[in-house]
Amino acid sequence: MSRDYIGAIDQGTTSSRFILFDRHGKEVASSQKEHTQIYPRPGWVEHDPGEIWTRTDEVIRDTLKKSGISGSQIAAVGITNQRETSLFWDAETGKPLNNAIVWQDTRTAGIVESMKDHHPFLTRKTGLPPATYFSAPKLVWMRDNVAAAASAISRGSARFGTIDSWLVWKLTGGKSHVTDLTNASRTMLMDIQSCTWDRELLSLWGLPEEILPEIRSSIAAEPYGTTEADGPFGDEIPIGGILGDQQAALFGQACFSKGSSKNTYGTGCFLLLNTADELIRSSHGLLSTVAYRWKDEPVQYALEGSVAVSGALVQWLRDNLGLIKSSAEVEELARSVDDSGGVYFVPAFSGLFAPHWRSDARGIVAGLTGYARSGHLARAVLEATAFQTREMMEAMEGDSGISIGSLRVDGGMVRNELLMQFQADILGRPVIRPEITETTALGAAYAAGLSVGFWRSQEEIGKHWREDKRWLPVMKPAEREDRFHFWKKAVERSKGWLD
Ligand SMILES: Nc1ncnc2c1ncn2[C@@H]1O[C@H](COP(=O)(O)OP(=O)(O)O)[C@@H](O)[C@H]1O
Ligand SMILES: O=P(O)(O)OC[C@H](O)CO
């Protein structure tokens, strides 16, 4: 039987998906399942790695079952994942030693603060502004607070991984302990120039090198491993591509050339600009990160603006306030009023990420009057994402000197047409949605397919990209600036809330 499909595992913050793509980059079948968000204390967010593996296993099996396609028809598998989220497992038992600490978790604020004298060094080495967001402080916390992790580290059997490494470990039956450069670039343990684990960083954080996975290219020169025949695929398939989910979306949006960019609206919101082989250092609160590496070709970099809470705020409206029953309903509720009624919602639930990097900020709702109703709050929830995107875009243009003429968008929130129109209005430039909005999974599929020669070149896959819809700005410039002015005022009021 010929291998005519590529499989992509997309393990995101809220759910796991598996999608099969054909040679034209068209989705053939998919399955998706949510996993539990564990909030043990305010500011703490955890995932159960066992549950993440079970959900991943289930969505693979579901997709194969409903499509009638078997593992023997799949040429390669790609993995894309929520980044930074970190765990330890024991190589001897194969069992996790703790719940994964999620990228949004802020328990490590004290650890980050205690490294204050080293912040300039850390940023120079890693391209990242020191923050609770990244893996290294999470590992330090686990070493110091999880007895099983500490003893496995001292015995030499502890293995650290971001979610990509964990899934490769499980899929290969514990044979491969690997990651790719895009994921490694988010740990604060990798030198962003040499793209290798860095001894000085490891010693600063007090972590041994033996816990770390091997760093490989994103489009693998050699497969990271093969899936186990007795696993969910029922066959041995090469795992050929790994990309952090935001880099995967950049790849899936065919942003291969310098200056091309995309914004992904999921749990958080992430704007990435391809800077090719140039490592641009930000002076406006953005990250320098690896975009991808094609086999042994030079590393490609990106500038990134990261916003912690965007779709998550819609979920909060649904789960914590019960104002809507599904995320999609937020649009109807927001359309029940003409505007936000002067209400601004700054969702600094994990502090503020780009471009502010303030862990002392907390969420606020500003501008409330007796006039405000639930519809105004729903508008303010959606508008928060659009305002944060504008902040990131201004920072990006300031750092790169590149003007972003129009914005390519993807992710779960781009189904929301009201948000897309408001985004175009507040940016004052067109917003463009592609036909395939599952760009994250598509990017991982492309990486895997290119790795094994299923597709041959970026030109070939670039032809699959097609525009679905475009929103043009209609808001008057004076109103746009007035609204943005009030947003910035609200952001200032959210800062410094924690002592
Ligand atoms: N129609 C919608 N309007 C606004 N937000 C939405 C809509 N549909 C989904 N979302 C939000 O998008 C997010 C899911 O997007 P997705 O790209 O699947 O995220 P992730 O990859 O982070 O798990 C959720 O936070 C959800 O609240
Ligand atoms: O799971 P997502 O799509 O919200 O992405 C999470 C990011 O990778 C965090 O850096």
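Throughout this document, residue positions are counted from 1 along each chain, in the order its sequence is written. Starting at A for chains and at 1 for ligands, labels are handed out in the order in which the entities are written. Owing to the predicted nature of the model, reporting of local features is limited to residues with pLDDT of at least 70; listing and counting of side-chain atom pairs is limited to 80 or more, with chain, interface and lining totals taken over all residues. Computation of side-chain values: all heavy atoms of the structure, hydrogens and water removed.

## A short note on the site of ligand 2
If you check the shell around ligand 2, you find Gly-12, Thr-13, Gln-82, Arg-83, Glu-84, Trp-103, Tyr-133, Asp-245, Gln-246, Thr-267, Gly-268 and Phe-270 and nothing else. In the environment of ligand 2, an oxygen atom lies 2.6 Å from a nitrogen or oxygen atom belonging to the side chain of Glu-84. Compared with its free state, where it exposes 310 Å², ligand 2 has 92% of that area covered by protein. Residue polarity is assigned by list, with Asp, Glu, Lys and Arg as charged and Ala, Val, Leu, Ile, Met, Phe, Trp, Tyr, Cys and Pro as nonpolar; anything else, Gly included, falls into the polar class. Tallied by class, the residues present in the shell around ligand 2 amount to 3 nonpolar, 6 polar and 3 charged. The cutoff for a nearby residue is simple: one of its non-hydrogen atoms must lie within 4 Å of the molecule or strand. Under the rule applied, a polar contact is a pair of N or O atoms within 3.5 Å (in protein, one hydrogen donor and one hydrogen acceptor; residues adjacent in sequence only if both atoms are side-chain atoms). What sets the accessible areas is the Shrake-Rupley method with a 1.4 Å probe; for residues, cover comes only from the shown protein chains.

## A look at the sheet that holds strand β11 (residues 225–226)
One bridge is not enough; two strands pair if DSSP finds at least two bridges between them. Secondary structure elements follow DSSP: runs of H or I of four or more residues count as helices, runs of E of two or more count as strands, with numbering from the N terminus. Reading across the sheet, the 6 strands line up as β3-β2-β1-β5-β12-β11 and stay open at both edges, with mixed pairing between neighbours. Looking along the sheet, the strands with just one partner apiece sit at the ends: β3 (27–34) and β11. With 7 bridges joining them, strand β1 (residues 5–11) and strand β5 (residues 74–81) adopt parallel strand pairing. In the strand pairing of β5, Gly-7 is matched with Val-77.

## Topic: the pairing of strand β20 (residues 431–434)
Burial along β20 is two-sided: the residues Val-431 and Arg-433 and Ile-432 and Pro-434 are all buried. For strand β19 (residues 407–410) and β20, the ladder comprises 2 bridges, and the chain directions are parallel. Counted as the bridge partner of Leu-407 is Val-431 from β20. Across 4 bridges, the pairing between β20 and strand β21 (residues 467–471) is antiparallel. Note that in β21 the partner of Val-431 across the bridge is Trp-471. Accessibility here uses a 1.4 Å probe with only protein chains present; expressed as a share of the type maximum, an area under 20% marks a residue as buried, one over 50% as exposed, and anything in between as partly exposed.

## Comments concerning the pattern of salt bridges
Any two side chains of opposite charge can pair, on the condition that their charged atoms come close. In what follows, salt bridge is the name for a side-chain nitrogen of Lys or Arg lying within 4 Å of a carboxyl oxygen of Asp or Glu. All chains considered together, the criterion is met by 39 salt bridges. Of the charged contacts, one joins Glu-58 and Lys-33 as a salt bridge, the two residues approaching to 3.2 Å between their closest N and O atoms. Taken together, the residues span a long stretch of sequence, with Glu-58 in helix α1 (residues 49–67) and Lys-33 in strand β3 at a distance of 25 residues. By relative accessible area, which is 23% here, Glu-58 ends up partly exposed.

## Re the UniProt feature "binding site: glycerol" (unreviewed entry) in the protein chain
Per the UniProt record, "binding site: glycerol" (unreviewed entry) is found at Arg-83, Glu-84, Tyr-133, Asp-245 and Gln-246. Tracing the sequence through the fold places Arg-83 in the loop between β5 and β6 (86–90). Throughout, a residue-residue contact means that at least one pair of heavy atoms, one from each residue, lies within 4.5 Å. Sequence-distant contacts of Arg-83, that is, excluding residues within four places in its chain, are made with Trp-103, Tyr-133, Asn-183, Arg-186, Gly-244, Asp-245, Gln-246, Gln-247, Phe-270 and Glu-304. At 3.2 Å, the side chain of Arg-83 forms a polar contact with the side chain of Tyr-133. Here Gln-246 lies in helix α9 (residues 245–252). UniProt positions are given in the numbering used here, feature names are shortened, and annotations may be inferred rather than shown by experiment.

## Remarks on the side chain of Glu-51
You can see Glu-51 is positioned in helix α1. Apart from residues lying up to four places away in sequence, Glu-51 is in contact with Glu-34, His-35 and Thr-36.

## Let's talk about the sheet that holds strand β16 (residues 300–307)
In space, the 7 strands of this open sheet follow the order β15-β16-β14-β13-β19-β20-β21, with mixed pairing throughout. In this open sheet, the two edge strands, each paired with only one partner strand, are β15 (287–292) and β21. Averaged over all adjacent pairs, the angle separating strand axes in this sheet is 30°, with direction ignored. Where helix α12 (residues 374–400) meets the sheet, it contacts β13 (261–265), β14 (269–276), β16 and β19, and its direction lies at approximately 145° from that of β16. The convention used is that axes are lines fitted to C-alpha atoms, helices contributing only their stretch in contact, and that angles between N-to-C directions extend from 0 to 180 degrees.

## Focus on the UniProt feature "binding site: ATP" (unreviewed entry) in the protein chain
Within this numbering scheme, the UniProt entry marks Thr-13, Thr-14, Ser-15, Thr-267, Gly-311, Gln-315 and Gly-412 as carrying the feature "binding site: ATP" (unreviewed entry). These annotated residues cover 400 residues of sequence, and their C-alpha atoms lie no more than 12.9 Å from one another, placing them together at a single site. Locating Gly-311 in the fold gives a position in helix α10 (residues 311–319). The exposure class of Gly-311 is buried, given its relative accessible area of 9%. Apart from residues no more than four positions distant in its own chain, Gly-311 is found in contact with Gly-266, Thr-267 and Met-413.

## Describing the packing of α12 against helix α13 (residues 417–427)
Between α12 and α13, whose axes approach to 9 Å, the crossing angle comes to 40°. One finds that α12 runs oblique with respect to α13. Crossing geometry of α12 relative to α13 is assigned as right-handed. Here α12 contributes Arg-379, Leu-382, Glu-383, Thr-385, Ala-386, Phe-387, Thr-389, Arg-390 and Met-393 to the contact with α13, which in turn contributes Leu-418, Leu-419, Phe-422, Gln-423, Ile-426 and Leu-427. When an angle is under 35 degrees it counts as roughly parallel; over 145 it counts as roughly antiparallel; between 65 and 115 it counts as roughly perpendicular; any other value is oblique. A clockwise turn of the near helix away from the far one marks a right-handed crossing, whereas an anticlockwise turn of less than a right angle marks a left-handed crossing.

## Looking at the site of ligand 1
Close to ligand 1 lie 18 residues, the nearest being Thr-14, Arg-17, Thr-267, Gln-315 and Ser-327. One nitrogen or oxygen atom from the side chain of Thr-14 is found 2.5 Å from an oxygen atom belonging to ligand 1. Note that a nitrogen atom of ligand 1 is positioned 3.0 Å from one of the side-chain N or O atoms of Asn-416. Relative to its unbound accessible area of 580 Å², ligand 1 is 88% covered by the protein chains. Of all elements in the fold, only β2 (15–21) and α10 reach the threshold of two or more residues within the shell around ligand 1. Sorting elements by how many residues they give to the shell around ligand 1 places α10 first, with 4 residues. A breakdown of the residues in the shell around ligand 1 according to their chemical character gives 5 nonpolar, 11 polar and 2 charged.

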